[in-house]
Amino acid sequence: MKLYSYYRSSAAYRVRIALNLKKLAYDTAFIHLVKQGGEQRLPEYAALNPQKLVPSLEDKGQIFTQSLAIIEYLDETHPEHPLLPAAPAERARVRALAQLIACDTHPLNNLRVLQYLQNQLGASEAAKTEWYRHWIHESFTALETMLQSVQTGRFCHGDAPTLADCCLIPQVYNAYRFRCDLNAFPTIQRINAECLKLPEFQAAAPENQPDAE
């Protein structure tokens, strides 16, 4: 397998965590999202991923895109160390937690949105940062409430990492990077600390990638 990745991409970070948790070996192709106007926009990469986003995963001659779809593909093709529970209701809960982050939070705050706010709409650096912090606070307020459940254990769901944790940790990483105040979210902070004790999460961290700057 080959993962097309950028060290700071939250979506690629999710997939790196999943690959590590599932003990799967992979090669990495580094796609710099800033240099040359963004290497993801170069024709050779756009031919692999028409959205011009990372990650993409190449496996057995096929290209897979969208981080949640990639992780579920890995879970279905490599069932050891499952990232989704067996029971349908529990799977639905884990997917809801994951999608709150990956579908509702991250798209508002990813690089291309922040660049558009600044470059096309003329937002100042301070306004861009306030935008970022606002949407983190909105989503983490809901997430913190959802995690007040007996189904939450050491991790987002029970006592083993799931798809939800793969999504949560990159979002918390970026929240700290943008100096968001997370004091109102003790459960999120606790789960983040638990995950970061595990070598699979540590190895996936942006600063531990070969392309880190």
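Residues numbered from 1 in each chain as written. Predicted model: local features only at pLDDT ≥ 70, side-chain atom pairs only at ≥ 80, totals over all residues. Heavy atoms only, no water.

**Student:** Tell me about the sheet that holds strand S3 (residues 56–59), residues and numbers included.
**Tutor:** Here we have 4 strands laid out as an open sheet, ordered S2-S1-S3-S4, and mixed in their pairing. What marks the edges here is a single partner per strand, and that holds for strand S2 (27–30) and strand S4 (62–65). Within this sheet the neighbouring strands show an average axis-to-axis angle of 25 degrees, counted without direction. Across 3 bridges, strand S1 (residues 2–5) lies against S3 in antiparallel orientation. Bridge assignment links Leu3 to a residue of S3, and that residue is Leu57. (Pairing = 2+ DSSP bridges. Helix = DSSP H or I, 4+ residues; strand = E, 2+ residues; numbered from the N terminus. Axes fitted to C-alpha atoms, helices over the stretch in contact; angles between N-to-C directions.)

**Student:** Break down the packing of helix H6 (residues 125–146) against helix H7 (residues 163–177) for me, citing the residues and quoting the values.
**Tutor:** Between H6 and H7, the shortest axis-to-axis distance is 11 Å and the interhelical angle comes to 140 degrees. Looking at the two axes, H6 sits oblique to H7. You can see that H6 and H7 cross each other, and the crossing is left-handed. Across from Tyr132, Ile136, Phe140 and Leu143 in H6, the residues of H7 making contact are Leu168, Gln171, Val172, Asn174 and Ala175. Residues belonging to the contact of H6 with H7 are distributed by class as follows: 7 nonpolar, 2 polar and no charged. (Parallel < 35°, antiparallel > 145°, perpendicular 65-115°, else oblique. Left-handed = near helix turned anticlockwise from the far one by under 90°. Contact = heavy atoms within 4.5 Å. Nonpolar A, V, L, I, M, F, W, Y, C, P; charged D, E, K, R; others polar.)

**Student:** Residues and numbers for the environment of Gln148, please.
**Tutor:** Mapped onto the elements of the fold, Gln148 is located in the loop between H6 and H7. With a relative accessible area of 53%, Gln148 lands in the exposed category. As a C-alpha pair, Gln148 and Ser56 span 92 residues in sequence and 34 Å in three-dimensional space. (Buried < 20%, exposed > 50% of the residue type's maximum accessible area, 1.4 Å probe, protein only.)

**Student:** Any chance you could break down the pattern of salt bridges for me, citing the residues and the numbers?
**Tutor:** Applying the stated criterion across every chain yields a total of 7 salt bridges. Residues joined in a network through salt bridges with shared partners are Arg154, Glu194 and Lys197. (Salt bridge = Lys/Arg side-chain N within 4 Å of Asp/Glu carboxyl O.)

**Student:** Please give an account of the pairing of S3 that cites residues and values.
**Tutor:** Both S3 and S4 contribute to a ladder of 4 bridges, which runs antiparallel. When the bridges of S4 are listed, Leu57 appears paired with Phe64. Following S3, the chain reverses through 2 residues before pairing antiparallel with S4; Lys60 in that reversal takes a positive phi of roughly 55 degrees.

**Student:** I'd love a proper account of the domain arrangement of the protein chain, names of residues and values included.
**Tutor:** Many analyses report the size of an interface as the accessible area lost when the parts associate. Segmenting the protein chain into domains produces domain 1 (2–81 + 202–208) and domain 2 (88–198). The centre of domain 1, based on its C-alpha atoms, is set 19 Å off from the matching centre of domain 2. On the domain 2 side, the residues contacting the 17 residues of domain 1 number 20 residues. Taken over both partners, the interface formed by domain 1 and domain 2 buries close to 1700 Å², and the fraction arising from carbon and sulfur atoms is 60%. Counting the surface domain 1 buries against domain 2, the share from its top three residues, Arg14, Leu68 and Gln202, is 32%. At the surface where domain 1 touches domain 2, the tally comes to 1 salt bridge. For Glu72, the salt bridge is made with Arg95, and the minimal N-O distance between the two is 2.9 Å. (Domains from an automatic or database assignment. Buried area = accessible area lost by both parts, 1.4 Å probe.)

**Student:** Account for helix H1 (residues 10–21), naming residues and giving values.
**Tutor:** Here H1 contains 12 residues, and its C-alpha end-to-end distance of 17 Å stays within 8% of the 16 Å for a straight helix at 1.5 Å per residue. Across the 12 residues that make up H1, a large majority, 12, are buried. Of all the residues in H1, the buried ones are Ser10, Ala11, Ala12, Tyr13, Arg14, Val15, Arg16, Ile17, Ala18, Leu19, Asn20 and Leu21. Among the structural elements, S1, helix H3 (67–77), helix H4 (88–109), H7 and helix H9 (199–204) are those in contact with the buried residues of H1. Downstream of H1 by a residue or two, Lys23 has a phi angle that is positive, lying close to 60 degrees. (Expected span 1.5 Å × (residues − 1).)

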